[in-house]
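Topology and contacts: notes
So the chains spell out like this:
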Amino acid sequence: IGEARRSFAEAARLSPGDAAAHAGLAALAAREGASEEARQHAERALARDPGNVVAASSLASALVASGEAEAVPALLEPRLALLAEPSTERVLVL
């Protein structure tokens, strides 16, 4: 995990708008229980790439951990619908 964190952090430093880097940092932070950090990185990633499933799921985890579980359906439902569309091509990186 440490090497992955360093790699994602370096990518985010070199390219602050890199949604994949912030999504990766969000996923790692969520896994480690750092809800606020996960939320910040997930929101940055989703601002650049609203369909980023890794960022959305990390944000959902952070919301649940902070007692805001009621916000999760509104966050995930549109993204899940997007994934269900046959014409949508997404690449999951992580």
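Here is a short report on the structure shown in this document. Counting restarts for each chain, with residues numbered from 1 along the sequence as it is written. Thresholds applied to this predicted model are a pLDDT of at least 70 for local features of residues and 80 or more for the giving and counting of side-chain atom pairs; totals over whole chains, interfaces and linings are not thresholded and use all residues. The basis for every side-chain value is the complete set of non-hydrogen atoms in the structure, without hydrogens or water.

1. So, the nonpolar core
Worth spelling out the cut-off: What makes a nonpolar core is a set of buried Ala, Val, Leu, Ile, Met, Phe, Trp, Tyr and Cys residues whose side-chain atoms join them at distances within 4.5 Å. Burial classification: accessible surface area is computed with a 1.4 Å probe over protein chains only, and a residue below 20% of its type maximum counts as buried, one above 50% as exposed, and the rest as partly exposed. Numbering goes from the N terminus for both helices and strands, where a helix is a DSSP run of H or I of at least four residues and a strand is a run of E of at least two. Contact criterion: two residues are considered in contact whenever any of their non-hydrogen atoms come within 4.5 Å of each other.
By size, the foremost hydrophobic cluster in this structure holds 15 residues, and its most contacted members are Leu46, Ala55, Leu59 and Leu75. Those elements that place two or more of their residues in this core are helix H2 (19-32), helix H3 (35-48), helix H4 (53-65) and helix H5 (72-84). It is H4 that contributes the most residues to this core, six residues altogether. Leaving out residues up to four positions away in the same chain, Leu59 has contacts with Arg39, Ala42, Glu43, Leu46 and Leu75. Core analysis: the second largest hydrophobic core is formed by five residues, Phe8, Ala12, Ala21 and Leu28 among them.

2. As for the packing of H3 against H4
Spelled out, the test is: Lines fitted to the C-alpha atoms define the axes, with helices restricted to the stretch that makes contact. Angles between their N-to-C directions range from 0 to 180 degrees. We call a crossing left-handed when the near helix sits turned anticlockwise from the far one by less than a right angle, and right-handed when that turn is clockwise.
Contact pair H3 / H4: the axes reach a minimum separation of 8 Å and the direction vectors enclose 145°. Crossing angle aside, the handedness with which H3 passes H4 is left-handed. Residues Ser35, Ala38, Arg39, Ala42, Glu43, Ala45 and Leu46 of H3 form the contact with H4, whose own contacting residues are Ala55, Ala56, Ser58, Leu59, Ala62, Leu63 and Ala65.

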